[in-house]
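Listed here are the chains, written in short residue letters.
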Amino acid sequence: MTPPPPPAATAPTADVTPGPAPAAAPDPAVGPASAVSPVRGGLLVLAGMLLVALNLRAAVTSLGALLDEIRVGLGLSGAMAGVVTTLPTVAFAGLGALTPWLVRRWAAPRVLVLAMIALTVGQVLRAVTGSVAVFVLTSALALAGIAVANILLPMLVKQHFPHRTGLVTGAYTMALTVGTTVAAASAVPVAHAFGSWRAGLGVWAGLAALAVIPWVPLALRARAARRAADRAATPAAVVATPARVRPGRTRLGWAMAVYFGAQSLSGYAIMGWLAQLFRDAGYRPEAAGLLLAGVTALGVPVALMMPTLAGRLATLRPLVLSLTAFSAAAYVGLALAPRGLAPLWVLLLALGQGAFPLILTTIGLRARTAEGTVALSAFAQSTGYVIAALGPLLVGILYGATGGWTAPIGFLLLALAVQTTAGMVIARPRYIEDER
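Residues numbered from 1 in each chain as written. Predicted model: local features only at pLDDT ≥ 70, side-chain atom pairs only at ≥ 80, totals over all residues. Heavy atoms only, no water.

Chemist: Describe in detail the overall build of the chain, supporting the description with residues and values.
Modeler: When you go through the chain residue by residue, the secondary structure sums to 19 helices and zero strands. A burial count over the chain gives 55% of its 436 residues as buried. For the chain, restricting intrachain contacts to residue pairs at least 6 apart in sequence, the fraction spanning at least 24 positions comes to 84%. Just so you have it, the chain exposes about 17500 Å², and 70% of that area is on carbon and sulfur atoms. (Helix = DSSP H or I, 4+ residues; strand = E, 2+ residues; numbered from the N terminus. Buried < 20%, exposed > 50% of the residue type's maximum accessible area, 1.4 Å probe, protein only. Contact = heavy atoms within 4.5 Å. Areas by Shrake-Rupley, 256 points an atom, 1.4 Å probe, with all protein chains shown as cover.)

See below:
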């Protein structure tokens, strides 16, 4: 059972003159406010968020682009390769659920420092090991850092940029997409330049280390602010904390989780196996990696525009249905003509994967408060990644059993139908706090 959040900070008792009500205490889900000025603090938080976002998929897509070389280098069986490609979703599901517990005890900047350090160390260690078991364990360490950051970013948007939710969500989603694209496109060339897949996999640790830097001063300020708040607190002025938001007890929470899970299922299956599909269709490894990178590169403008567009619409149904149509057309095309019209299928996949920035935006749109946002983000993402874990694993099993891509693509079309059904539920505007 998750322990209750600590009491909110209180105002000093020296002034007893009646007057306006004291300012609200810091949200226990996000920790105390920073002592830094709003402008400087906001810019530092934004820079930190963008650097973190650049790292959120690089460790995954670089592995997908180099999967064949890693299989040979470590002697992975087809089943073990399926486990490796499933590991991100498993880690995101299990470890992401712990994030609300972490931020009730430590300020978000401190949690992000530890998350990015875990990502850095994990990527370095998995790139140098020759053991399959160590490779899996260190990959899990790296993915633990990503899992925590996945949950925190929507909360930080709600906390620091409540009136620019669409713009900031679009910015960090675009940064995430850029990181995904660069990793997918350059992993193979970097590996070839250094003569080993280890270089193509481990180089991204430097980017993760860079993401630590902005959060260190923010973590120190948050720690100082919390100490000051604790010293100022008095029992007589304790502010009551709001009731805990429990998305797992609501229809909206489950619909969000299913939509997130179904779109992530297809997204991770694509990241893990699309390059292999194009290799099987006759493309060289470099070209297959570039086609995979094309999905994310073409998704950059989609990631930038989708949050703003979603925030302006009265209902999300047109977006949900349009994204479904793009993905369905891409899957059918990959099954029938994977080589002849590959650029078209890549474009349609990129448009269909706009479901990812859509659901990230919807997390913020369906919560009134930062506490509600972090609760909904944790539930939707952790539960959704349990669903998503089936994607790379079942695609690998179906591919190994049939030796082709018709059955795996049929499975992805079925998942798309489930995604669309859940999308119709979350399309109508309402708030998770109202469904407790």
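Chemist: I'd like a rundown of the nonpolar core, residues and numbers included.
Modeler: Counting residues in each nonpolar core, the largest one holds 109 residues, and the members touching the most others are M49, V52, W215, Y259, F278 and L358. Ranked by residue count, the leading element in this core is helix α12 (residues 251-280), at 15 residues. Once residues lying within four places of it in the same chain are set aside, the contact partners of Y259 are V320, L323, A355, L358, I359, Q419, A422, G423 and I426. (Core = buried A, V, L, I, M, F, W, Y, C linked by side-chain atoms within 4.5 Å.)

Chemist: Account for the pattern of salt bridges, with residues named and values stated.
Modeler: This structure, assessed with the given rule, holds four salt bridges. For R279, the salt bridge identified is with D68, shortest N-O distance 3.3 Å. One end of the pair, R279, is in helix α12; the other, D68, is in helix α3 (residues 67-74), and 211 residues separate them in sequence. Of the residues examined, D68 reaches a relative accessible area of 30% and is grouped as partly exposed. Across the salt bridge formed by E435 and R430, the nearest N and O atoms sit 2.7 Å from each other. Judged by its relative accessible area of 11%, R430 is buried. Within this structure, D68, E69 and R279 form a network of salt bridges that share partners. (Salt bridge = Lys/Arg side-chain N within 4 Å of Asp/Glu carboxyl O.)

Chemist: Could you give an account of a nonpolar patch on the surface, naming the residues involved and the relevant values?
Modeler: A surface patch of nonpolar side chains, about 580 Å² in accessible area, is lined by L114, I117, V121, V124, L125, V128 and L141. Element by element, the count of residues in the nonpolar patch is highest for helix α6 (residues 108-128), at six residues. Secondary-structure assignment places V121 in helix α6. (Patch = residues over 30% accessible without salt bridge, like charges linked within 9 Å, V, L, I, M, F, W, Y side chains within 5 Å.)

Chemist: Give me the packing of helix α14 (residues 317-336) against helix α15 (residues 342-352): which residues, what numbers.
Modeler: Contact pair α14 / α15: the axes reach a minimum separation of 8 Å and the direction vectors enclose 150°. Between α14 and α15, the interaxial angle falls into the category roughly antiparallel. Helix-helix and strand crossings are classified by hand; for α14 and α15 the assignment is left-handed. Counting all contacts with α14, which are made through L323, F326, S327, A329, A330, Y331, G333 and L334, the residues of α15 involved are W345, L348, L349, L351 and G352. Across the contact of α14 with α15, the residue classes break down as 10 nonpolar, three polar and no charged. (Axes fitted to C-alpha atoms, helices over the stretch in contact; angles between N-to-C directions. Parallel < 35°, antiparallel > 145°, perpendicular 65-115°, else oblique. Left-handed = near helix turned anticlockwise from the far one by under 90°. Nonpolar A, V, L, I, M, F, W, Y, C, P; charged D, E, K, R; others polar.)

Chemist: Please set out the packing of aromatic side chains residue by residue, giving values where relevant.
Modeler: Pairs of aromatic rings are described using the distance from one ring centre to the other and the angle between the two planes. Considering all chains together, one arrives at 10 aromatic pairs under this definition. Taken together, a centroid distance of 6.4 Å and an interplanar angle of 75° make the contact between F135 and W197 edge-to-face. Of this pair, F135 sits in helix α7 (residues 132-160) while W197 sits in helix α9 (residues 197-202), and the two are 62 residues apart along the sequence. Each of the two residues, F135 as well as W197, counts as buried. Pairing F260 with Y385 gives two aromatic rings, centres 5.1 Å apart and planes at 85°, and the pair type is edge-to-face. A residue pair is termed long-range when its members are at least 10 positions apart, and F260 in helix α12 and Y385 in helix α17 (residues 370-388) qualify at 125 residues. The pair formed by F260 and Y385 is uniform in burial state, with each residue classed as buried. Taken together through their ring pairs, the aromatic side chains of F92, F260, F356 and Y385 make up a single cluster. Positioned above the aromatic ring of Y283, the side-chain terminus of R339 is 4.5 Å from the ring centre. (Phe/Tyr/Trp six-rings, centres within 6.5 Å; stacked < 30°, edge-to-face > 60°. Lys NZ or Arg CZ within 6 Å of the ring centre and 35° of its normal.)

Chemist: Let's hear about the side chain of Q276: which residues, and what values?
Modeler: Residue placement: Q276 occurs in helix α12. Since its relative accessible area comes to 11%, Q276 is described here as buried. Leaving out residues up to four positions away in the same chain, Q276 has contacts with D68, R71, Y399 and W405.

Chemist: Go over α3, please, and point to the residues and values.
Modeler: Every buried residue belonging to α3 is among L67, I70 and L74, and all of these are buried. Along the axis of α3, the buried positions cluster into a sector of 60°, meaning they face one direction only. Against the buried residues of α3 lie α2 (58-65), α4 (78-96), α7, α9 and α12. One or two steps after α3, the chain reaches G75, where phi turns positive at roughly 70°. (Arc of directions from axis to C-beta.)

Chemist: Break down the environment of A175 for me, citing the residues and quoting the values.
Modeler: Relative to the helices and strands, A175 is located in helix α8 (residues 165-194). Through-space distance from the C-alpha of A175 to that of A53 is 5.6 Å; in sequence the pair is 122 residues apart. Non-local contacts of A175, meaning those with residues more than four positions away in its chain, are made with L50, A53 and L54.

Chemist: Pulling in residues and values, what's your account of empty space enclosed by the protein?
Modeler: With the rule as written, the count across this model stands at seven cavities of 30 Å³ or more. Here the largest cavity is characterised by a volume of approximately 330 Å³. Looking at the largest cavity, it is lined by 23 residues, and the ones nearest its centre are L176, M271, T296, Q353 and F356. Elements with a minimum of two residues in the lining of the largest cavity: α8, α12, α13 (285-312) and α16 (355-365). Along the lines of polarity and charge, the residues of the lining of the largest cavity split into 12 nonpolar, 10 polar and one charged. (1 Å grid on protein atoms, 1.4 Å probe; cavity = no way out; pocket = protein on both sides within 12 Å on 5 of 7 lines; lining within 4 Å. Points joined across faces, edges and corners; volume = space filled by probe spheres on them.)

Chemist: Let's hear about the side chain of R279: which residues, and what values?
Modeler: By relative accessible area, R279 is classed as buried at 15%. Polar contacts involving the side chain of R279 include one to the side chain of D68, which spans 3.3 Å. (Polar contact = N/O pair within 3.5 Å; in protein donor to acceptor, adjacent residues only side chain to side chain.)

Chemist: Describe α17, with residues and values.
Modeler: Between its terminal C-alpha atoms α17 stretches 26 Å, which fits the 27 Å expected from 19 residues at 1.5 Å a residue. The element α17 is largely enclosed, with a buried count of 17 among its 19 residues. (Expected span 1.5 Å × (residues − 1).)

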